[in-house]
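The chain contents come next:
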Amino acid sequence: MTTIKKERVPELNIIRAICILGIITVHATSYATVQLTDSSYFVLYNFFNIFMKFGTPTFIAMSAFVLFYNYSDRPVNRELLTGFYKKRLMYILLPYFLFSLFYFSITQVIAGATLNVELITSFINKLLTGKSYTHLYFVFINVQFYLLFPLLLLLFKRYPGTRKWAIVSGIAIQWLFILGNKYHFHVTSRGSWCFTYFSYYMLGAWLGMNYSKIKAKIMDITLKNSAGHKESGILMRGLWAIWLCSGISHSIVWYQSRLYGSSVNSLAYDLLYSIFAFTSLPVLMHAAGMLLRTQKFSFLCQQLNRLGSLSFGVYLIHPFFLLLYRQLSPAISTASLLHLWYIGGFIVSLYCSWIVVGLAARYLPYAWMIFGNLPKLKKESNEHRSNRKNISIS
């Protein structure tokens, strides 16, 4: 199999970092949206809890982007499939199993459960459905997409004309599932099934297969003298407007529901969130590109790049530190201290996770078994760095 060296995409780690910050924000504010409905700051807690939910669908779209960007020019054969699934088994499924066991054990210890056959059966069922802990459904969703990936790749390679229909078909499949589930299937835990996110995955696939063209369009915006600058600028401003309006509107309907008990048709929630989530990857790609090309943000980009390179490990372990932080919470007597305590949850879960995964990447042999594919943080030669794989597993 001929390996085609792909151009590095520096925006990806920046986007990963922004997404993991969004996910931690959602988790850190989840208690506040229930406990602080009487607070004058509830509008802020609700906003951050809802608006920052772009993290999961963007990670899914990025995963598809990386896969189709790396594999779309390679022949689909046994060697490709063997290598593909071997990497997912090593860097995704093994850490998923270990963390599933870890979180399941912690929750059972807290609940005072004793080891028995029923408990083992419960763990196996939760392991196979991504329910060992609240955030592990994301890996379960990606496993479903990993099973579909070779079929989709083969389809797009054998019938190149179908590539232009990738996004449309993704939207159609997603909404057929949403509508079918609402009126007919009534699948429980709908968010644990890949069809709920199909449009984001197909968007990532289309962007990955057409990255060279997309990159040129994005670059036109920063090159003011280029012929496509005006057209590309209008397109991106439109995407930013749609993204902001849909995200803010989504947070407003949730605010009304949480605070006043008012509700609208569930399809309105789905529509607003789908638009917001669908436009997140293009908007964040543009934002990351602008950050990277602005010299005064070089230090910020450096830190985001480091966080992004560790994002999968941080994703896996950060709920543990948040759980520990909440278990050890002191008695709080004033509102101001309560707000500081919630902010502290975000800070502790982020930085403790970042430090632990970073130290593991640097010093712990076989850290990939726990945290997935990690960057080599030890000092390397320029030749070694230049030969390293440009895009890591998402």
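Residues numbered from 1 in each chain as written. Predicted model: local features only at pLDDT ≥ 70, side-chain atom pairs only at ≥ 80, totals over all residues. Heavy atoms only, no water.

(A) A look at unusual backbone geometry. Within the chain, His186 stands out as a residue other than glycine whose phi angle is a positive 55°. For His186, the location among the structural elements is in the loop between helix H8 (166-185) and helix H9 (198-209). The exposed category is assigned to His186, whose relative accessible area is 53%. For Ser189, which is not glycine, the phi dihedral falls at a positive 55°. As for its position among the elements, Ser189 is in the loop between H8 and H9. (Helix = DSSP H or I, 4+ residues; strand = E, 2+ residues; numbered from the N terminus. Buried < 20%, exposed > 50% of the residue type's maximum accessible area, 1.4 Å probe, protein only.)

(B) Here's a closer look at the packing of H8 against helix H12 (residues 266-292). In the contact formed by H8 and H12, the axes pass within 12 Å of each other and the chain directions differ by 155°. On the basis of their axis angle, the class for H8 and H12 is roughly antiparallel. H8 and H12 meet at a crossing whose hand is right-handed. Facing H8, whose interface residues are Ile167, Ile171, Gln174, Trp175, Ile178, Leu179, Lys182 and Tyr183, H12 presents Ser266, Leu267, Asp270, Leu271, Ser274 and Phe278. Class assignment for the residues of the contact of H8 with H12 results in nine nonpolar, three polar and two charged. (Axes fitted to C-alpha atoms, helices over the stretch in contact; angles between N-to-C directions. Parallel < 35°, antiparallel > 145°, perpendicular 65-115°, else oblique. Left-handed = near helix turned anticlockwise from the far one by under 90°. Contact = heavy atoms within 4.5 Å. Nonpolar A, V, L, I, M, F, W, Y, C, P; charged D, E, K, R; others polar.)

(C) The arrangement of the packing of helix H1 (residues 11-29) against H12 in detail. Look at H1 against H12: their axes get within 9 Å of each other, and the N-to-C directions meet at 115°. Classified by chirality, the crossing of H12 by H1 is right-handed. Contacts from Glu11, Ile14, Ile15, Ile18 and Cys19 of H1 reach H12 at Leu281, Leu284, Met285, Ala288, Gly289, Leu291 and Leu292.

(D) Geometry of the environment of Trp175. For Trp175, the position within the fold is in helix H8. With relative accessibility at 19%, the residue Trp175 sits in the buried group. Through-space distance from the C-alpha of Trp175 to that of Ser274 is 9.6 Å; in sequence the pair is 99 residues apart. Setting aside anything within four residues of it in sequence, one finds Trp175 in contact with Leu267, Asp270, Leu271 and Ser274.

(E) A look at the environment of Val9. On the secondary structure map, Val9 appears in the segment before H1. Accessibility expressed as a relative area gives 5% for Val9, which makes it buried. Sequence spacing of Val9 and Tyr211 is 202 residues, and the spatial spacing of their C-alpha atoms is 9.6 Å.

(F) Seen up close, H12. The end-to-end C-alpha distance of H12 is 39 Å, a good match for the 39 Å that 27 residues give at a rise of 1.5 Å each. Along H12, the helix axis deviates most sharply at Ser280, where the bend reaches about 40°; the proline Pro282 sits within four residues downstream. With 21 of 27 residues buried, H12 is to be regarded as a mostly interior element. By the N-cap criterion, in which a side-chain oxygen at the helix start approaches the backbone nitrogen of a residue two or three places on, H12 is capped by Asn265, the distance to Leu267 being 2.9 Å. (Expected span 1.5 Å × (residues − 1). Bend = angle between axes of the 7 residues up to and from the residue. Polar contact = N/O pair within 3.5 Å; in protein donor to acceptor, adjacent residues only side chain to side chain.)

(G) Region of interest: a nonpolar patch on the surface. A cluster of nonpolar side chains, namely Ile332, Leu337, Leu340, Ile343, Ile347, Tyr351, Ile355, Leu359 and Tyr363, defines an oily patch on the protein surface of about 890 Å² accessible area. Leu340 sits in the exposed class, given a relative accessible area of 53%. (Patch = residues over 30% accessible without salt bridge, like charges linked within 9 Å, V, L, I, M, F, W, Y side chains within 5 Å. Areas by Shrake-Rupley, 256 points an atom, 1.4 Å probe, with all protein chains shown as cover. Salt bridge = Lys/Arg side-chain N within 4 Å of Asp/Glu carboxyl O.)

(H) The packing of aromatic side chains, seen in detail. All chains considered together, the criterion is met by 44 aromatic pairs. Here Phe51 and Phe276 contribute two aromatic rings whose centre-to-centre distance is 4.9 Å and whose plane-to-plane angle is 50°, an arrangement assigned as tilted. Taken together, the residues Phe51 in helix H3 (residues 42-51) and Phe276 in helix H12 connect sequence positions 225 residues apart. Side by side, Phe51 and Phe276 carry an identical accessibility label, which is buried. Put simply, the rings of Phe68, Tyr71, Phe84, Tyr85, Phe145, Tyr146, Phe149, Phe156, Phe177, Phe195, Phe198 and Tyr201 touch in pairs and so form one group of aromatic residues. When the ring centre of Tyr146 is taken as origin, the NZ or CZ atom of Arg88, which lies over that ring, is 5.5 Å away. We note Arg326 situated over the ring of Tyr31; from NZ or CZ to the ring centre the distance is 3.7 Å. (Phe/Tyr/Trp six-rings, centres within 6.5 Å; stacked < 30°, edge-to-face > 60°. Lys NZ or Arg CZ within 6 Å of the ring centre and 35° of its normal.)

(I) Looking closely at the layout of surface pockets. The space that makes up the second largest pocket amounts to roughly 980 Å³. In this structure, the second largest pocket is lined by 37 residues; those nearest its centre are Val26, His27, Lys53, Thr56 and Tyr137. Counting residues per element, the lining of the second largest pocket draws most heavily on helix H14 (residues 311-327), at six residues. For the lining of the second largest pocket, the residue count by class is 17 nonpolar, 15 polar and five charged. (1 Å grid on protein atoms, 1.4 Å probe; cavity = no way out; pocket = protein on both sides within 12 Å on 5 of 7 lines; lining within 4 Å. Points joined across faces, edges and corners; volume = space filled by probe spheres on them.)

(J) The arrangement of the confidence of the model for the protein in detail. Of all residues in the protein, 90% attain a pLDDT of 70 or more, and the chain-wide mean is 90. Low pLDDT (under 50) marks residues 379-394, which in the prediction has 33 contacts with non-local residues, meaning those over four places away or in another chain. (pLDDT = per-residue confidence, 0-100.)

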